[in-house]
Amino acid sequence: MSRQAKSSEQQPSKQRRGRKKMDQAQKAQQQQAVAHAPIEANALLTAVAGALAGAVARFVVGPLDVLKIRFQVQLEPIAAGVKTSHYTSMRQALVTIVKEEGIKGLWRGTVPGQLLTVPYTAVQFVALQQCRALARQYGLADSPRWQSAVPFVSGALAGAAATVASYPFDLLRTTLAAQGEPPVYATMTDAARGIVRQHGVRGLYRGLGVTVLEIMPYAALQFGLYDVFNKAANSARVRLDPAQADEAPSSLQAFVCGLAAGMLAKLGTHPLDVAKKRFQVAGLARSARYGQRVNPEAVHTLRQVLHDIAVKEGAAGLFKGAMPSILKAAPSAAVTFAVYDMCMYWLTLRDRQAAAAAAAAGGEAPAAVAAKPTARSPLH
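Residues numbered from 1 in each chain as written. Predicted model: local features only at pLDDT ≥ 70, side-chain atom pairs only at ≥ 80, totals over all residues. Heavy atoms only, no water.

- Looking at an unreviewed UniProt entry, the protein carries the name Mitochondrial thiamine pyrophosphate carrier, with the source organism given as Chlorella sorokiniana.
- Per UniProt, the protein carries the Subcellular location (unreviewed entry) text "Mitochondrion membrane".
- Quoted verbatim from the Sequence similarities (unreviewed entry) field of UniProt, the annotation for the protein is "Belongs to the mitochondrial carrier (TC 2.A.29) family." (UniProt positions renumbered as here; feature names shortened; annotations may be inferred.)

### Considering the overall build of the protein
Inference 1: Each helix and strand in the protein was counted, giving 12 helices and 0 strands.
Inference 2: Along the protein, helices (α) and strands (β) appear in the sequence α-α-α-α-α-α-α-α-α-α-α-α when read from the amino end.
Inference 3: Expressed as a percentage of the 380 residues in the protein, the buried residues total 48%.
Inference 4: The long-range share in the protein, meaning contacts at least 24 apart out of those at least 6 apart in sequence, stands at 78%.
Inference 5: When the accessible area of the protein is evaluated, it comes to approximately 19100 Å², of which 63% is carbon and sulfur surface. (Helix = DSSP H or I, 4+ residues; strand = E, 2+ residues; numbered from the N terminus. Buried < 20%, exposed > 50% of the residue type's maximum accessible area, 1.4 Å probe, protein only. Contact = heavy atoms within 4.5 Å. Areas by Shrake-Rupley, 256 points an atom, 1.4 Å probe, with all protein chains shown as cover.)

### Description of the pattern of salt bridges
Inference 1: Scanning the model with the defined rule gives 19 salt bridges in all.
Inference 2: Notably, a salt bridge pairs Lys 266 with Glu 214, separated by 4.0 Å at the nearest N-O pair. Taken as a pair, Lys 266 in helix 9 (residues 251-281) and Glu 214 in helix 8 (residues 208-240) lie far apart in primary sequence, 52 residues in all.
Inference 3: In this structure, a network of salt bridges that share partners links the residues Arg 58, Asp 65, Lys 68, Asp 170, Arg 173, Glu 214, Lys 266, Asp 273, Lys 276, Lys 277 and Lys 328. (Salt bridge = Lys/Arg side-chain N within 4 Å of Asp/Glu carboxyl O.)

### Some details on unusual backbone geometry
One can expect most non-glycine residues to show negative phi and most peptide bonds to be in trans.
Inference 1: In the segment running from Glu 181 into Pro 182, the intervening peptide bond is cis, with an omega of -10°.
Inference 2: Summarising the element assignment, Pro 182 is placed in the loop between helix 6 (150-178) and helix 7 (188-199).

### What to know about the packing of aromatic side chains
Inference 1: Scanning all chains against the criterion turns up 10 aromatic pairs.
Inference 2: A centroid spacing of 6.2 Å and a plane angle of 40° characterise the contact between Tyr 87 and Tyr 290, whose relative ring orientation is tilted. Placement of Tyr 87 in the loop between helix 3 (62-72) and helix 4 (90-101) and of Tyr 290 in the loop between helix 9 and helix 10 (302-313) is noted, with a sequence separation of 203 residues between them.
Inference 3: When the ring of Phe 223 is compared with that of Phe 337, the centres are 5.6 Å apart and the planes differ by 90°; the resulting orientation is edge-to-face. Here Phe 223, found in helix 8, pairs with Phe 337, found in helix 11 (residues 322-347); they are 114 residues apart in sequence, far enough to count as distant. Accessibility classification places Phe 223 together with Phe 337 in one group, the buried group.
Inference 4: Aromatic ring contacts, followed pair by pair, group Phe 125, Phe 223, Tyr 226, Phe 337 and Tyr 340 into a single cluster. (Phe/Tyr/Trp six-rings, centres within 6.5 Å; stacked < 30°, edge-to-face > 60°.)

Structure (structure tokens):
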């Protein structure tokens with residue numbers, strides 16, 4: 001075969017390879033455009049993503065939540081060698097609960113806990129989105145004076161709104177998780193009826209004021225610090241590789257930033273959480289083997305409760321359950337932010353594809369698509 005014939009055979013093959021490389025490059029470019037197409041999620045998508053994120057996080061940290069509540073409502077010291085204390089350490093409490101109540105005891109209050117978490121996180125993320133939209137509308141988000149305060153104030157208002165929307169389930173979750181064996185109430189419905197019978201409908205909102213006082217600084221710190229950590233991580237990423245300036249934060253970044261924010265927020269507000277739990281279980285007639293019961297007469301005001309704890313149980317009493325609480329809050333916040341981030345990515349995928357196609361065709365983006373930095377960083 002002549003050299004000319006071989007060359008003519010190789011030429012179509014090279015052309016095919018060249019076209020294939022061009023197609024692959026074009027496909028990668030399209031995927032990049034879809035990933036970074038700006039999108040403003042509506043309230044429904046935000047609520048769905050928030051609810052799913054909260055449900056996953058609640059199930060993952062359920063046992064730590066039960067440990068935290070048992071420690072917080074125990075009036076006796078939590079220390080090794082104290083014979084009057086039913087729970088003396090995390091390990092001992094874990095073993096004791098499994099021994100006395102079985103593995104299911106570690107997930108006591110899961111049903112009301114999920115019923116609490118789903119509306120709570122849905123309302124929280126929607127309220128957060130609306131607060132930040134208002135801040136942008138009035139120019140506060142870009143104001144040097146208010147810019148740094150917007151995430152903290154938005155988080156506080158979102159936390160308050162979510163608490164009011166879901167509070168009865170919080171009370172029922174705490175009651176069922178704290179009661180131990182034999183249970184005072186067999187089911188969530190029994191607990192609701194018993195509380196209404198004993199305290200009236202207002203009983204389902206016992207401790208709401210304290211909870212709002214506790215959740216506002218907690219949510220403010222959680223969301224505010226999450227934004228601060230994310231901005232710091234983005235800046236560090238761009239410094240290391242300027243080519244990543246336009247790339248969205250990864251789910252791993254959301255997880256790590258959420259972990260740090262949740263841990264610090266919970267540590268800073270833990271004494272208020274202890275007081276809240278005392279309000280919620282006041283008068284609960286659980287078994288005497290768990291120690292003294294919280295007397296309803298002792299929980300008239302937040303100041304009184306905090307003072308009594310500090311005087312009778314020492315400063316350590318204000319931080320009862322702090323370790324399982326932090327161990328719970330950090331992964332809970334991390335899982336919530338990471339799952340929310342992932343859900344928002346997939347729930348808005350179709351709109352981003354439409355936005356990328358419109359941009360490629362030189363047309364206008366759909367009405368649902370608005371100016372937003374990235375689809376995978378909906379909180380900042």
